Amino acid sequence: MNSFRLFFVGGLTSYRALFYWLSPTIYIPSLIVAPIFQILLFAYIGRSAGLQSDVFYVTGNAIQYAAIPCLFAMSQTVSGERYQNTLHAILVSPANRFPLFVGRALPVMGNAAFVSAFSFAAGCVILGVSLPAGSIPGLAVVILVAAFSCTGLGLTNAAVSLRVRENAVLSNVIFGFLLIFTGANVPISELPTWMQDVSHVLPLTHAIQAARDLAAGEPFSDVTGLLATELGIGIAYLAGGLALLRVFEWQGRKHATLEQL
Amino acid sequence: MSQAFRLFWTGWVFNVKNLTMSGFFILNATISPIFFATIAHYMFASGARPGSGLVYASLGAGMMGIWSSVLFGSGGLIQWQRWQGTLEYVIGVPPRLIVVVLPMTVATASIGLYSIASTLLWGRIIFGLPLDFVHPAWFVVALVGSIVSLGLLGLVLSSTFVLLRNANSLSNLLEYPVWLVTGLLISLSLLPGWTRPISWVLAPTWGIRGIRYAALGGDPVFPIVMCAALGLIYLAIGHYTLGYFEVRARKSATLALR
């Protein structure tokens, strides 16, 4: 019961405390307008290069942009606590770390799914992309799964934030890697073999492919394999993130470096 | 005049060194453009219309880095001085405010040189990009002209963003649209006609055109002249808005307020 309360109530409370500054004047330009322009930029580069149709870039970039809230918000769950001098109070508590950190991830995931869905819809409207009506419920599921798997990567990023000072730069770098390696803008088959191998173990790659398949009119049953793989990747990153948090927390206690910037 | 020039030079050198010591600025200025150059390279290489390929993509991505440096560096400049507690000194010293702020904004644009250098080096080392430019001397002139004009645009940003409470989110908002509308990685003819006047009043449009003409062939003189003309207009606007900010902050005694 205590863990449930920590997961839901604690997660929501800490999210509200850590993101008190996220007012509409910050949220709208950064998470509503920016992804739409990312879609437009790559759609126009695609037109310029004569590579793919607009739907390719709408699906790729709308889902890939979930990485921004996932990576930055999850790293904020550690760096924000450190900045407010509350990290030691969190880590000294006897609370179970799983509901403590995964509870914080739940609102992040919800926000990422919203950002992704909104930019998807806006991209379709602006570029005149029409999707089969039957694909929309499936796309909603894809977006949720993508948000979950990327939040797993975000938790790993949060753990690394216990050690890395420039976590905003790190989040930007991971975002850039995902932009290239997930096939958001370049078909995976056009990338060198080693990049294709890397792309298969990253979050979002399989979700983007699933979204493209659904947008092309394939039934949901045909993409369940891709979604299962995406889910598995998300679980692996989530588990890895929790393990890293444990290791870095232990190291931080041992070397008295929790608050060190 | 010579005193103002000396102050500009000293301020520029100091701020370039200062920004070079910032891991945040340097990593963002070097790594992010490489990501965009790589994506653009693969997109043009795989597409049906490859165009000038990697040189085109590398130069455009480098200019994207310069714009990002100006946008975040100059847009948040006065706010950062305020956070660091140095704004009072910047305003209180005997020289005019514009002579103190201008080297800072040109320095943020100069940091963008790391972006151009990193995308060209990356292209050379990883993709075998040929660096034999058609007009190497004009390339240097176009690059310097672009940086100065973007630095002057930074002067306008620094003095107007400070009046807004959430300047950082405005910076986030303006990054992609300016990359798009100035044609850094696309042909402007693909964009709707109503975007054309917006492109014309933004220095990156002419800067990248001059740099590309110098590197790939074409007449870079007109774009360089346009950079210079726009730079003078930005200087006039920045002079006015900076003066407005200074008077307003002094009158209402809100200089150090966050």
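Definitions and cut-offs
- Residues numbered from 1 in each chain as written.
- Chains lettered and ligands numbered in written order.
- Predicted model: local features only at pLDDT ≥ 70, side-chain atom pairs only at ≥ 80, totals over all residues.
- Heavy atoms only, no water.
- Helix = DSSP H or I, 4+ residues; strand = E, 2+ residues; numbered from the N terminus.
- Rg over C-alpha atoms; globule rule 2.2 N^0.38 Å.
- Buried < 20%, exposed > 50% of the residue type's maximum accessible area, 1.4 Å probe, protein only.
- Contact = heavy atoms within 4.5 Å.
- Areas by Shrake-Rupley, 256 points an atom, 1.4 Å probe, with all protein chains shown as cover.
- Lys, Arg positive; Asp, Glu negative; His and termini not counted.
- Charge placed at Lys NZ, Arg CZ, Asp CG, Glu CD.
- Buried area = accessible area lost by both parts, 1.4 Å probe.
- Salt bridge = Lys/Arg side-chain N within 4 Å of Asp/Glu carboxyl O.
- Polar contact = N/O pair within 3.5 Å; in protein donor to acceptor, adjacent residues only side chain to side chain.
- Nonpolar A, V, L, I, M, F, W, Y, C, P; charged D, E, K, R; others polar.
- pLDDT = per-residue confidence, 0-100.
- Phe/Tyr/Trp six-rings, centres within 6.5 Å; stacked < 30°, edge-to-face > 60°.
- Lys NZ or Arg CZ within 6 Å of the ring centre and 35° of its normal.

## Comments concerning the overall build of chain B
Within chain B, the regular secondary structure consists of 12 helices and 0 strands. Going residue by residue from the N terminus, the α and β elements of chain B occur as α-α-α-α-α-α-α-α-α-α-α-α. The C-alpha radius of gyration of chain B comes to 18 Å, within 12% of the 18 Å expected for a compact globule of 258 residues. The C-alpha extent of chain B, read off along each of the three principal axes, is 60 × 40 × 35 Å. When each of the 258 residues of chain B is scored for burial, the buried share is 53%. A sequence separation of at least 24 residues applies to 78% of the contacts in chain B between residues at least 6 apart. By element, 70% of the accessible surface of chain B is carried by carbon and sulfur atoms, the whole surface being about 11,500 Å². Measuring between centres, the 14 positive side-chain charges of chain B sit 7 Å from its 5 negative side-chain charges.

## Description of the interface of chain A and chain B
Facing the 37 residues of chain A at the interface are 31 residues of chain B. Buried surface at the junction of chain A and chain B, summed over both partners, amounts to about 3,000 Å²; 75% is from carbon and sulfur atoms. Taken together, the connections running from chain A to chain B amount to 0 salt bridges. Taken together, chain A and chain B are joined by 3 residue pairs in polar contact (both at pLDDT 80 or more). It is helix α2 (residues 24–49) of chain A that provides the largest number of residues to the side of chain A that touches chain B, a total of 17 residues. In terms of residue class, the side of chain A that touches chain B is made up of 24 nonpolar, 10 polar and 3 charged.

## Focus: unusual backbone geometry
Excluding glycine, residues mostly carry a negative phi; peptide bonds, for their part, are mostly trans. Of note, the phi angle at Leu204 of chain A is positive, near 85°, even though the residue is not glycine. Relative to the assigned elements, Leu204 of chain A resides in the loop between α9 (193–199) and α10 (205–215).

## Concerning the pattern of salt bridges
Residue and element names in this part refer to chain A. Across all of its chains, the model carries 5 salt bridges over all chains by this definition. Note that Glu249 and Arg253 form a salt bridge whose closest N and O atoms lie 3.0 Å from each other. Of the two residues, Glu249 and Arg253 both sit in helix α11 (residues 224–255), 4 residues apart, roughly one turn of that helix. On the accessibility criterion, Glu249 (4% relative accessible area) is buried. What makes Arg253 partly exposed here is its relative accessible area of 46%. What you see here is one network of salt bridges that share partners, running through Arg97, Arg246, Glu249 and Arg253.

## Points about the environment of Met64 of chain B
Structurally, Met64 of chain B can be placed in helix α3 (residues 53–75). The exposure class assigned to Met64 of chain B is buried, which follows from its relative accessible area of 2%. In this structure the C-alpha to C-alpha distance between Met64 of chain B and Phe36 of chain B, which are 28 residues apart in sequence, comes to 8.6 Å. Residues within four places of Met64 of chain B in sequence aside, it is in contact with Leu41 of chain A together with Phe36, Trp179, Leu184 and Leu185 of chain B.

## Topic: the side chain of Arg97 of chain A
Tracing the backbone through its elements, the reader meets Arg97 of chain A in helix α6 (residues 97–127). Overall, the relative accessible area of 9% leaves Arg97 of chain A in the buried class.

## Describing the confidence of the model for chain B
Low pLDDT marks stretches whose predicted atomic positions should not be read closely. Here chain B averages 88 in pLDDT, and 95% of its residues register 70 or above. Ranking the elements of chain B by mean pLDDT puts helix α4 (residues 77–84) of chain B last with 80 and helix α10 (residues 196–200) of chain B first with 96.

## Here's the deal with the packing of aromatic side chains
Tallying each qualifying case throughout the model produces 17 aromatic pairs over all chains. Residues Tyr65 of chain A and Phe175 of chain A carry aromatic rings whose centres are separated by 6.0 Å and whose planes lie at 85° to one another, so their mutual orientation is edge-to-face. In this pair, Tyr65 of chain A sits in the loop between α3 (54–64) and α4 (67–83) while Phe175 of chain A sits in helix α8 (residues 167–181), placing the two residues 110 residues apart along the sequence. Owing to a relative accessible area of 5%, Tyr65 of chain A belongs among the buried residues under this scheme. A connected cluster of aromatic rings, assembled from ring pairs, spans Phe42 of chain A together with Phe36, Tyr176 and Trp179 of chain B. The ring of Trp206 of chain B has Arg209 of chain B lying over it, and the distance from NZ or CZ to the ring centre is 4.8 Å. One cation-aromatic arrangement involves Arg212 of chain B over Tyr56 of chain B; the distance from NZ or CZ to the ring centre is 3.7 Å.

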